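Architecture and fold: a report
These are the residues of each chain, in order.
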Amino acid sequence: MIELNNVSYSYPRTVQPALHHVTLSLKKGRCVMVTGPSGAGKTSLCLAASGILHHEYGGKKEGTVIIDNRNVAEYKSLSDLAQNVGIVFDDAEAQMIFTTVEEELLSALEHRGLTADVIEERLDAIIRTTYLENLRDRSPHHLSGGQKQRVALAATLALGNEFLILDEPTSELDEHATERIAEILTDLKNQGKTILLVEHKYRNFKNMVDTLVILENGAITASGSPDEVLADQRIRGMIFPDFSTIHKTGQKVSGGEPIIAVQNLTHSYGEVTALAGIDLTIHKGEFVAIVGENGSGKTTLVKHFNRLLSPTTGDVVINGKNTKECSIAELARNVGLVFQNPDHMFFADTVREEIAYGVNNLGIGNSDAVIDAALRDAGLFGTADLYPRWLSRGERQRLAIACVVAMQPGIIVLDEPTTGLDGNEALLVIRMLKNLQEKGHTIIIITHNHEIAEHCADRIILMENGHIMSDTGGA
């Protein structure tokens, strides 16, 4: 059992507590699902429940955390805690340090002191369980975001812990992969594992959830059986967003010079072909959704639009200029890219400085007003002086969007822009993007959310194994 008794916590240099008098019990063989808006304290709750907050973080701590009948203070180190608790962080890549997927899993198995025969047997079983057979010899750092999440989960399962804490383990997974993870976790629960699951995808996990907890502003505002909690209409809106309220512009532009023209584009990572002969034309003012399973080539494709990747063969033309003839700095004036993992974009000491960097670098006039507007539109004005990595995953996602929007590029590309956001926040982000489209921006999003694609995009491009399989609005 894991018990949190009246736990409060404040990070250094912050006024508002990240957790405020939280009391929560996780009983053996049960699943507690926690959800709520970004910045609610969900990741902090995971850190507290795992003992990491006590052993690794400064700040002000109150209350007690009991893990397996021992106060977290009685554990000598994180290694001691890891004998009981396994945690999958919201940033899967941060957990990976080895050169292949197999090495990541072997490290976790060897940590348990097993014999070579047992290690080999369990390695094969975990790889099969998490559907990683085809990725076994690949570098984790060259995988898609969703594939990395599966590797992080597999490495945690390899530890064989009785308590599993998972912080948005499917945020970057497609629907099919999410269902696989739900099946895996259901089996683990049936084996007697205790699971604390932070998620926004309630529908996928509803059959395994015993207790649904709503966390807002660091405090538990509702807790009980899912049926009891979801009787509150306000909470239902948070969990089940209605994207049909956002209407398409009906903007299907054809004729004239395309703003993006992709011609016979291929790209390979070593011997792995990620894109195979892509032809694509996008015109100014379109709202395009690119969909497909993890590893289908979506992110690889859009990284060619601002030359973060260069073609193995073929051409990409932006605003009439071949990207082979442009620097990344030149393309930044035309194309803004919000990464799948927002942490890849951050390096400044404060949220405001993060947004200011791109604005000042491009010499945009009236910079203070531009930065203030970006902060307000992203709902981050109150965090302007905070260190970006202290923000929640959802807040970091909105900061990444604000950084790009503030640079005022004509083309805005977003890789899973609603990751880490509750339903209400996701609606706000999509409405913000639709407003930008109405102002003349071209919006391209990669998304696993079919409701967003169907209700909000004027055009849907389906990718599979490096090919475009269908294009509802292609010329």
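Parameters and conventions
- Residues numbered from 1 in each chain as written.
- Predicted model: local features only at pLDDT ≥ 70, side-chain atom pairs only at ≥ 80, totals over all residues.
- Heavy atoms only, no water.
- Patch = residues over 30% accessible without salt bridge, like charges linked within 9 Å, V, L, I, M, F, W, Y side chains within 5 Å.
- Areas by Shrake-Rupley, 256 points an atom, 1.4 Å probe, with all protein chains shown as cover.
- Salt bridge = Lys/Arg side-chain N within 4 Å of Asp/Glu carboxyl O.
- Lys, Arg positive; Asp, Glu negative; His and termini not counted.
- Charge placed at Lys NZ, Arg CZ, Asp CG, Glu CD.
- Helix = DSSP H or I, 4+ residues; strand = E, 2+ residues; numbered from the N terminus.
- Pairing = 2+ DSSP bridges.
- Axes fitted to C-alpha atoms, helices over the stretch in contact; angles between N-to-C directions.
- Parallel < 35°, antiparallel > 145°, perpendicular 65-115°, else oblique.
- Left-handed = near helix turned anticlockwise from the far one by under 90°.
- Contact = heavy atoms within 4.5 Å.
- Nonpolar A, V, L, I, M, F, W, Y, C, P; charged D, E, K, R; others polar.
- Buried < 20%, exposed > 50% of the residue type's maximum accessible area, 1.4 Å probe, protein only.
- pLDDT = per-residue confidence, 0-100.
- Expected span 1.5 Å × (residues − 1).

1. Examining a negative patch on the surface
Taken together, the side chains of E175, E179, E183 and D187 make up a negatively charged region of the molecular surface. Examined against the element boundaries, E179 turns out to sit in helix 7 (residues 175-190).

2. Details of the sheet that holds strand 15 (residues 321-322)
Taken together, four strands build an open sheet; the order of strands is 12-11-14-15 and the sheet is antiparallel. Because the sheet does not close on itself, it has two edges, and the strands there are strand 12 (272-282) and strand 15.

3. Observations regarding the packing of helix 4 (residues 101-111) against helix 5 (residues 116-129)
Packed helices, taken two at a time, are described by the angle between their axes plus the distance between the axes. Viewed as axis vectors pointing N to C, helix 4 and helix 5 meet at an angle of 130°, and their least axial separation amounts to 10 Å. Taken together, the axes of helix 4 and helix 5 are oblique relative to one another. The crossing of helix 4 and helix 5 is right-handed. In this structure, helix 4 uses E102, L105, L106, L109 and E110 to contact helix 5, whose residues at the interface are I119, R122, L123, I126 and I127. Here the contact of helix 4 with helix 5 is composed, by residue class, of seven nonpolar, no polar and three charged.

4. What to know about the pattern of salt bridges
Tallied over the entire structure, the rule returns 18 salt bridges. Here R459 and D471 are joined by a salt bridge, their closest N and O atoms 2.8 Å apart. With a gap of 12 residues between them, R459 in strand 19 (residues 459-464) and D471 in strand 20 (residues 467-471) connect regions that are remote in the sequence. Since its relative accessible area comes to 26%, D471 is described here as partly exposed.

5. Some points on the pairing of strand 6 (residues 85-88)
Residues V85 and I87 of strand 6 are buried on one face, and the alternating residues G86 and V88, pointing to the opposite face, are buried as well. Judged from the four bridges that link them, strand 6 and strand 7 (residues 163-167) form a sheet pairing that is parallel. What sits directly across from V88, in strand 7, is L166.

6. A word on the confidence of the model for the chain
In the predicted model, the chain carries a mean pLDDT of 90, and the fraction of residues at 70 or more is 97%. Mean pLDDT across the secondary structure elements of the chain bottoms out at helix 3 (residues 78-81), with 85, and peaks at strand 9 (residues 211-216), with 98.

7. Description of the sheet that holds strand 7
An order of 6-7-8-3-9-10 is seen for the six strands of this open sheet, with the pairing classed as mixed. The open sheet is flanked by strand 6 and strand 10 (219-224), the only strands paired with a single partner. Strand-to-strand, the axes of this sheet are offset by a mean angle of 15°, without reference to chain direction. Pairing of strand 3 (residues 31-35) with strand 8 (residues 194-198), which is carried by four bridges, proceeds in the parallel orientation. Residue pairing in the sheet places V32 in a bridge with L196 of strand 8. The sheet contacts of helix 1 (residues 42-50) involve strand 3, strand 6, strand 7, strand 8 and strand 9, and relative to strand 7 the element is tilted by about 160°. Its contacts with the sheet place helix 6 (residues 145-158) against strand 6 and strand 7, and it is angled at close to 175° to strand 6.

8. Some points on helix 15 (residues 393-406)
Across its 14 residues, helix 15 extends 20 Å between first and last C-alpha, which sits within 8% of the 20 Å expected from 1.5 Å per residue. Judged by how many residues are buried, helix 15 sits mostly within the fold: 14 of 14 residues are covered. One or two residues past the end of helix 15 sits Q408, with phi positive at roughly 55°.

9. What about the environment of D68?
Topologically, D68 is positioned in the loop between strand 4 (60-67) and strand 5 (70-71). Residues D68 and H283, spaced 215 residues apart in sequence, show a C-alpha to C-alpha distance of 59 Å.

10. A few points about the environment of L230
Tracing the sequence through the fold places L230 in the loop between helix 9 (226-229) and helix 10 (233-239). When neighbours within four sequence positions are excluded, L230 is seen to be in contact with Y202, L212, I235, R236, I239 and F240.

11. A short note on the packing of helix 15 against helix 16 (residues 423-438)
Following both chains from N to C, one finds helix 15 and helix 16 inclined at 10°, their axes separated by 12 Å at the closest point. The angle between helix 15 and helix 16 falls in the class roughly parallel. Counted together, R398, I401 and V405 of helix 15 and E425, V429, M432 and L436 of helix 16 form the full contact between these two elements. Here the contact of helix 15 with helix 16 is composed, by residue class, of five nonpolar, no polar and two charged.

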